[in-house]
Amino acid sequence: MNFVSTRVITGDVARLVAFYEKATGASAAWATEDFAELATENATLAIGAVRTVAMFAPGSARPADNHSVIIEFLVDDVDRVHGSLADSVTEVVAGPTTMPWGNRSLLVRDPDGNLVNFFTPVTPAAREKYAR
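The shown structure was predicted, so the numbers you read here are calculated from the model rather than taken from an experiment.

Explain the packing of aromatic side chains to me, and be specific about the residues and the numbers.
Evaluated as defined, the whole model comprises 4 aromatic pairs. Summarising the aromatic geometry, the rings of Phe19 and Tyr20 are spaced 4.9 Å apart at their centres and angled 85° between planes, so their arrangement reads as edge-to-face. One exposure class covers both Phe19 and Tyr20, and it is buried. Taking the centre distance of 6.1 Å and the plane angle of 45° together, the rings of Tyr20 and Phe73 count as tilted.

Structure (structure tokens):
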């Protein structure tokens, strides 16, 4: 088995794609106006419109209703990301903070309210964990 993507269901695909393109620097590949994917080196963030849910199981997913998942991105410089997203983020939940496990993290909400964590390993142990 290979974990390949996470899909976020939204009421506004273009708005959410624009946020993640700016946040990640990746360009979205659009399959239709209802579905786009942002591929990074290790995983893909898929963004689908509400009407795509009916193709799987009607009513099984609701946009802007996540209260348990955090989407995480490993970045080169979390402080730089914080600065570049200052005008695009609706809520900074926690500004850049060095966590006890060695990552400097920025926790924000995307335009749908989903939690997004951008982090940079800053201790030797954390850097080693994420070394490629």
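Account for the environment of Ala126, naming residues and giving values.
Within the secondary structure layout, Ala126 lies in helix H4 (residues 124-130). Each C-alpha atom of the pair Ala126 and Ala39 lies 24 Å from the other, and the pair is 87 residues apart in sequence. Beyond its immediate chain neighbours, meaning those up to four positions away, Ala126 contacts Trp101, Gly102, Asn103 and Pro121.

Break down the layout of surface pockets for me, citing the residues and quoting the values.
There is about 230 Å³ of room inside the second largest pocket. Around the second largest pocket, the lining comprises 15 residues; the ones closest to its centre are Arg7, Val8, Ile9, Asn66 and Asn114. The element that contributes the greatest number of residues to the lining of the second largest pocket is strand E1 (residues 5-10), accounting for 4 residues.

Give me the nonpolar core: which residues, what numbers.
Among soluble globular proteins, nonpolar side chains are generally buried collectively. Tyr20, Leu45, Ile47, Phe73, Val108 and Phe118 are the most contacted members of the largest nonpolar core, which totals 25 residues. For this core, the element with the highest residue contribution is helix H1 (residues 13-24), accounting for 6 residues. Apart from the residues within four sequence positions on either side, Leu45 is in contact with Thr6, Val8, Tyr20, Ala36, Glu37, Leu38, Ile71 and Phe73.

Can you break down the sheet that holds strand E5 (residues 70-74) residue by residue, with the values?
Strand order in this open sheet of 4 strands is E5-E8-E7-E6, and the pairing throughout is mixed. Single-partner strands in this sheet number two, and they are E5 and strand E6 (91-98). Shown here is a sheet whose adjacent strand axes are inclined to one another by a mean of 15°, direction ignored. In this sheet, strand E8 (residues 115-121) lies alongside strand E7 (residues 103-109) in antiparallel orientation, the contact comprising 7 bridges. By the bridge assignment for E8, Leu106 is matched with Phe118. This element, H1, spans E5, E7 and E8 of the sheet and lies at about 30° to E5. Packing against the sheet, helix H3 (residues 78-85) makes contact with E6, E7 and E8, and its axis sits at approximately 20° to E7.

Here is what the cut-offs are and how they apply
Residues numbered from 1 in each chain as written. Predicted model: local features only at pLDDT ≥ 70, side-chain atom pairs only at ≥ 80, totals over all residues. Heavy atoms only, no water. Phe/Tyr/Trp six-rings, centres within 6.5 Å; stacked < 30°, edge-to-face > 60°. Buried < 20%, exposed > 50% of the residue type's maximum accessible area, 1.4 Å probe, protein only. Helix = DSSP H or I, 4+ residues; strand = E, 2+ residues; numbered from the N terminus. Contact = heavy atoms within 4.5 Å. 1 Å grid on protein atoms, 1.4 Å probe; cavity = no way out; pocket = protein on both sides within 12 Å on 5 of 7 lines; lining within 4 Å. Points joined across faces, edges and corners; volume = space filled by probe spheres on them. Core = buried A, V, L, I, M, F, W, Y, C linked by side-chain atoms within 4.5 Å. Pairing = 2+ DSSP bridges. Axes fitted to C-alpha atoms, helices over the stretch in contact; angles between N-to-C directions.

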